[in-house]
Amino acid sequence: MLAQAPHTIAYTSGMEVLVDTVQQLSMARSIERVMEIVRSGARKLTGADGATFVLKEGEYCYYADEDAIEPLWKGHRFPLTTCVSGWSMMNKKAVVIPDIYKDERVPVEAYRPTFVKTMVMVPIRQMDPIGAIGNYWAYHHTPTPEQVRLLQSLADITAVTVENIEMYNALERRVAERTAELQAVNKDLEAFSYSVSHDLRSPLRSIIGFIELIRSEPDENINTRSNQMMTKVMQNAMNMHQTIDDLMAFFTMGTKALVRRMTSMQDMVTQICDSCCEAEPARKIDFRIGTLSDAPVDSIAMEHVWNNLILNAVKYSRKTENAVIEIGSETDGDMVIYHVRDNGAGFDMTYYDQLFEAFKRLHSGRDYEGSGIGLSIVHKIVTRHGGEVWAESEVGHGSTFYFSLPASVHLEDQ
Ligand SMILES: Nc1ncnc2c1ncn2[C@@H]1O[C@H](COP(=O)(O)OP(=O)(O)OP(=O)(O)O)[C@@H](O)[C@H]1O
Ligand SMILES: [Mg+2]
């Protein structure tokens, strides 16, 4: 077997140190950690007696960190123009000084108290240096080109790592700022909607209360026309009350944390359909409820979804003689798809883009009452659960609304 030359062995072990250092650097998330890795890596790389990590601070070189047999200049600052690290940064190249007492770039007085006889200094980020890495020997020695190359490679990798950390930190700061801004806006909106709903609800409650009082006391002075007008006022007041409740749901459903539990959609839907029948005894709606899969959902939020879809089906089939509302589900891979189908008025698919937008309505208030917020709440809740909502319709031939939900989630991951 051929014996390897000593400098080849040194170079090979230097490469191993470099690879190890690169691996450590790839996980570093702070400049302090980078300096810690680089100062010991730099020394091991060449077998030097000391290594320094120097940062450029304006017109100064800041000896930020070191790893050496005896103390060097850690914590000191020197003008760029008076030290070797400054020379290396300003000239954007490596410096090899076999004898520090024979080179005029070396501020000898600063070196005299130290062990240093020989040194190599390489700039970090050659194009536009942000610092330098120094290697020092306690004896006279001429560093090989391989040693300088290894050190320069380390400096180049350090530059990339520092840039990545700066970018990472800047991104983290931006995310934190944006999150704080969003939280503040959400808080304002929530406070605003609570106060609006409170201020609107109380006068409404008193309007409704007074009309109920008038109607409960028979008075011959109140004629049929006045009675009809009072019924209208009452209806409008109730509608407004409902709108305020919907608005509150719209705001809270976007921000409130979801609490998911395996929920029986079958029970939920059956109850809603039963109360629809009670609320509209004059109508004979044929509810056909198929088998509905359970799903891991926030039950309060999901009740809003079913309520809105079923009440829409009831409302928009009001003018159909034999209203049929079919509700069912089917599994598609990891998702369950639920649907609510009616044979009512249907809507014009030309305006489909506006269907799930808040306050957008595809029918006039004269034909069908409503504020146009129900489907936007459905959309918000379903997407927050990781699903989608869509619909198909034909004017005069009814509509089908679909929504998908993940069949399972890691409930403990919420
Ligand atoms: N089942 C349906 N059949 C026909 N059109 C529908 C149906 N569901 C919704 N739409 C149309 O979509 C629009 C938006 O529905 P959405 O539920 O958001 O509002 P709304 O029912 O008008 O009012 P709200 O639900 O706030 O009381 C409705 O105005 C209507 O034009
Ligand atoms: Mg609705």
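Structural data are supplied above this passage.
Presented here is a report on the structure given in the accompanying data block. Note that this is a predicted model, so its numbers are computed, not measured. Here, residues in each chain are numbered from 1, in the same order as that chain's written sequence. Chains and ligands are labelled sequentially in the order written, the chains with letters from A and the ligands with numbers from 1. At least 70 in pLDDT is required for a residue's local features to be given in this predicted model, at least 80 for side-chain atom pairs to be given and counted, and no such filter applies to totals for whole chains, interfaces and linings, which use all residues.

### Describing the sheet that holds strand E8 (residues 286–289)
Ordered by their spatial adjacency, five strands build an open sheet running E8-E10-E11-E13-E12, and the pairing between neighbours is mixed. Pairing within the sheet leaves two strands with one partner each, and these edge strands are E8 and strand E12 (389–393). On average, each strand axis in the sheet is tilted by 15 degrees relative to the strand beside it, whichever way the strands run. Paired strands are those between which DSSP finds at least two bridges. In this text, helices come from DSSP runs of H or I with a minimum length of four residues, and strands from runs of E with a minimum of two, each type numbered from the N-terminal end. For E8 and strand E10 (residues 324–332), the ladder comprises four bridges, and the chain directions are parallel. Among the inter-strand pairings, Arg-288 is bridged to a residue of E10, identified as Glu-326. We call two residues in contact whenever the C-beta atoms placed from their backbones are within 7 Å. Whenever a helix is involved, its axis is fitted only over the stretch in contact; in every case the axis is a line through C-alpha atoms, and angles between N-to-C directions fall within 0 to 180 degrees. Contacts between helix H8 (residues 299–315) and the sheet are confined to E10, strand E11 (335–342) and strand E13 (399–406), with E11 contributing the most and set at about 25 degrees to the helix.

### Let's talk about helix H2 (residues 31–46)
Think of an α-helix as 3.6 residues a turn; residues three or four steps apart then line up on the same face. Each residue after the first adds 1.5 Å to the expected span of a helix. Here H2 is 16 residues long and its end C-alpha atoms lie 23 Å apart, about the 22 Å a rise of 1.5 Å per residue gives. Looking one or two residues past H2, Gly-47 carries a phi angle of roughly 70 degrees, positive in sign.

### A look at the site of ligand 1
Around ligand 1, a shell composed of 22 residues is seen, among which Arg-361, Leu-362, Gly-370, Gly-374 and Leu-375 lie nearest. Among the secondary structure elements, those contributing two or more residues to the shell around ligand 1 are H8 and helix H9 (374–384). Residues are sorted three ways: Asp, Glu, Lys and Arg are charged, Ala, Val, Leu, Ile, Met, Phe, Trp, Tyr, Cys and Pro are nonpolar, and all the rest, Gly among them, are polar. Classifying every residue of the shell around ligand 1 gives eight nonpolar, 11 polar and three charged. In this text, near has one meaning. A residue is near a molecule or strand if its C-beta atom, placed using the backbone, is within 6 Å of it.

### What about the packing of H8 against H9?
For the pair H8 and H9, the least separation of the axes is 9 Å and the interaxial angle reads 145 degrees. When the axes of H8 and H9 are compared, the crossing they make is left-handed. Two secondary-structure elements touch here, H8 through Ala-301, His-304, Val-305, Asn-308, Leu-309 and Asn-312 and H9 through Gly-374, Leu-375, Ile-377, Val-378, Ile-381 and Val-382. When grouped by side-chain class, the residues that make up the contact of H8 with H9 number eight nonpolar, four polar and no charged. Crossings are sorted by hand: turned counterclockwise from the far helix by less than a right angle, the near helix makes the crossing left-handed, and turned clockwise it makes it right-handed.

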